[in-house]
Every structure is written in C-alpha cells, then in structure tokens.
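Examining the three-dimensional arrangement
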Amino acid sequence: MTIIITGTSTGIGFALAEYFGKKGHQVYGLSRKNTKSDFFKTIPTDITNHSQVEHAISEILKTEKSIDLLINNAGMGMVGAVEDSTQEEILKLFNLNLVGAVQMMTGVLPKMREQKSGKIINISSIGSEMGLPFRGFYSASKSALDKVTEAIRYEVSPWKIDVCTLHLGDIKTKIAENRVKTEVSEPYKKTFEKVYALMNSHVDDGSEPVEVAEYIEKLLGKKTWKAHYYFGKFGQKIGVPLKWILPQNFYENLMKKYNKMD
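A short tour of the structure in this document, coming up.

What counts and what doesn't
- Residues numbered from 1 in each chain as written.
- Predicted model: local features only at pLDDT ≥ 70, side-chain atom pairs only at ≥ 80, totals over all residues.
- Heavy atoms only, no water.
- Salt bridge = Lys/Arg side-chain N within 4 Å of Asp/Glu carboxyl O.
- Helix = DSSP H or I, 4+ residues; strand = E, 2+ residues; numbered from the N terminus.
- Buried < 20%, exposed > 50% of the residue type's maximum accessible area, 1.4 Å probe, protein only.
- Axes fitted to C-alpha atoms, helices over the stretch in contact; angles between N-to-C directions.
- Parallel < 35°, antiparallel > 145°, perpendicular 65-115°, else oblique.
- Left-handed = near helix turned anticlockwise from the far one by under 90°.
- Contact = heavy atoms within 4.5 Å.
- Nonpolar A, V, L, I, M, F, W, Y, C, P; charged D, E, K, R; others polar.
- 1 Å grid on protein atoms, 1.4 Å probe; cavity = no way out; pocket = protein on both sides within 12 Å on 5 of 7 lines; lining within 4 Å.
- Points joined across faces, edges and corners; volume = space filled by probe spheres on them.
- Expected span 1.5 Å × (residues − 1).
- Pairing = 2+ DSSP bridges.
- Phe/Tyr/Trp six-rings, centres within 6.5 Å; stacked < 30°, edge-to-face > 60°.
- Lys NZ or Arg CZ within 6 Å of the ring centre and 35° of its normal.

A separate point is the pattern of salt bridges. Under the defined criterion, the tally for this structure stands at five salt bridges. A salt bridge links Asp162 to Lys119; its shortest N-O distance comes to 2.8 Å. Of the two residues, Asp162 is situated in strand β7 (residues 161–168) and Lys119 in strand β6 (residues 118–125); the sequence distance between them amounts to 43 residues. What makes Asp162 partly exposed here is its relative accessible area of 22%. With a relative accessible area of 19%, Lys119 lands in the buried category.

Right, let's talk about the packing of helix α3 (residues 87–115) against helix α4 (residues 136–156) for a bit. Interhelical geometry of α3 versus α4 gives an angle of 20° and a closest axis separation of 9 Å. Taken together, α3 and α4 sit at an angle that is classed as roughly parallel. In this structure, α3 meets α4 at a crossing whose hand is right-handed. Where α3 abuts α4, its residues Ile90, Leu93, Phe94, Asn97, Leu98, Ala101, Val102, Met105 and Leu109 lie against Phe137, Tyr138, Ala140, Ser141, Lys142, Ala144, Leu145, Val148, Ile152 and Val156. Taken together, the residues of the contact of α3 with α4 break down into 16 nonpolar, two polar and one charged.

Packing of helix α2 (residues 50–61) against α3 leaves a shortest axis separation of 9 Å and a crossing angle of 35°. The two elements α2 and α3 meet at a crossing, and its hand is right-handed. For the pair formed by α2 and α3, the contact residues are His50, Val53, Ile57 and Leu61 on the first element and Gln103, Met104, Gly107, Val108 and Lys111 on the second. Residues belonging to the contact of α2 with α3 are distributed by class as follows: five nonpolar, three polar and one charged.

Here we take up the layout of surface pockets. The volume enclosed by the second largest pocket comes to roughly 190 Å³. Met130, Gly131, Pro133, Lys243, Gln248, Tyr251, Glu252, Met255, Lys256 and Met261 are the residues that line the second largest pocket. In terms of residue count, helix α10 (residues 248–258) provides more of the lining of the second largest pocket than any other element does, five residues in total.

Between its first and last C-alpha, helix α1 (residues 11–22) extends 17 Å over twelve residues, near the 16 Å set by a 1.5 Å rise per residue. The element α1 is extensively covered by neighbouring structure, given that nine of its twelve residues are classed as buried. In this structure, the buried residues of α1 make contact with β1 (2–6), β2 (26–30), β4 (69–72), β7 and α7 (209–220). Looking at the residues trailing α1, positive phi occurs at Gly24, about 100°.

The next subject is the sheet that holds strand β9 (residues 228–231). Strand order across the open sheet formed by seven strands is β3-β2-β1-β4-β6-β7-β9, with parallel pairing between neighbours. Of all strands in the sheet, those bounded by a partner on one side alone are β3 (41–42) and β9. Looking at chain direction, β7 and β9 are connected through four bridges and run parallel. Bridged to Leu168 within β9 is Phe231.

The tally for this structure, following the rule as stated, stands at six aromatic pairs. Pairing Phe14 with Phe40 gives two aromatic rings, centres 5.8 Å apart and planes at 75°, and the pair type is edge-to-face. In this pair, Phe14 is assigned in helix α1 and Phe40 in the loop between β2 and β3, connecting sequence segments 26 residues apart. Phe14 gets classed as partly exposed once you look at its relative accessible area, which sits at 27%. Each member of the aromatic cluster is reached from another via a ring pair, and the members are Phe134, Tyr188, Phe192 and Tyr196. Between Lys22 and the ring centre of Phe39, over which it is positioned, the NZ or CZ distance is 5.2 Å. One residue, Lys119, lies across the ring of Trp225, its end atom 4.8 Å from the ring centre.

Next up on the list: the environment of Asp38. By the element assignment, Asp38 lies in the loop between β2 and β3. Note on Asp38: relative accessible area 75%, which makes it exposed. Asp38 sits 20 residues away from Glu18 along the chain, and the two C-alpha atoms are 8.2 Å apart.

Structure below.
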C-alpha cells in the first residue's frame, strides 16, 4: 500500500509514518522539516503551498503506481480568547488546518479517480463537535474540515473513494510547543491561566500516538466507512453524545465544571 501522511516531523504524524512503514507499506511523509527515518521517506513540503503539494505528488508518482491512502494529519492548535484573536492568527490557523488539508485531497484525487479506489482520513478533534473555551478558533477550523469531509464523501463516491474524519481526544505530543497563542487581555487572564494549565495536563495524560496508528489500522480493515470516528479516553468521547442530547445551558455548565471555570 502507498500511504501519504502529512505533518510527519513529530508527534502523531511521525508515529503513524513509522508504524505503517514497519508494516511494509510505502510511506511518504510530507512536512516542512526533512525528517530522517528508516521506515518512511520525507518529501519536504509546505502543504499550504499549492505548487509544493503538486510537486510532492508528482515525485511520489514517479515511483509508485497508486496512491492508496492519504492521512491529513498536519495541523496546529490555537489558544486564547475569541475577542483577543487577530485576523493574522485566525487566517494562519485556517490556512493549515483547513486549506492545507483540502489542497492535499485535491492533489491525490485525480490518481484515486483514475484507479477507482483510495482512502482519505482527515484528522480532526473531538473538540470540533463543541466550541471549547479559549480554543474557539481551533474548534472552528476542525469543524470546518468535518463539514468539508461530509460534502466530499458524496462527490467522490462514484469512484469508490472512501473519506472519513477521525476525531482525536488528547494525545501525548508536543502540540503545546507549536500552538498559536494569542496575547490574552486582562479581563480573561485569570480564567485562561486555569483552563490552559488543565489543557496541558490533559495532553500529558493523553493516549500514546502509536494507539492512534493501531486504531487506523483497524479502520482500514472495515468494508465501509462512516463519516466520523472518535478516538480518545471515555471522559472526552462522552462529551459528544452529551452535546447532542442535553439542553445547551446544562451542557455548558458541565463544560465549565470540566474546565474548572466554575
């Protein structure tokens, strides 16, 4: 199987690339850093740059006869109050989390249509299902990707191309080092500091990246795909169905308690 994974320099992307490379698949990692590994090949690529994406895909097709799986993993976090967030920060976030993922799908789809097969996994977040305090734009960027995923499933179904969104809970990575962090103004500082400390502790206590790889491997064995899959600890996953069934104000009060805002 020929697999393309974005954001493979660290964290989940690196773990996925090594995991599937060790399984004998031909794995290509697309990230801005040229990461060295015995199990996958890096093609240095900024996925927000359309010409770089096209170049990477053409390089892969020089040696591979098919593109079987794309995992859109590259992304970044963003923390801060909605009011304090700048236009530049918001556009930077959406450009990577949404536009970059779309450009990758655009890059692989011609080949997948030609071969009448292919699978695409867009890595999202459990937080895309609800507006999280001080992570509003991160939630929004991933929610936008969710809706694009739902739409494209209809559009590519005639060619037997499967697309899904994988919503992750907290995973032990260095995401905190790469987040866009908005300058928080005085009215929000006290609450933000409590929420931010809790946020980082959840990451530290999160699932291991290799567990995501194992989950995806099981997903690849399914005959048909749903639009959405959820991976994470029970306390995070349960927030999704609760959002659907509980009155909004009751749910918000639960979230305030969970985030120690009460």
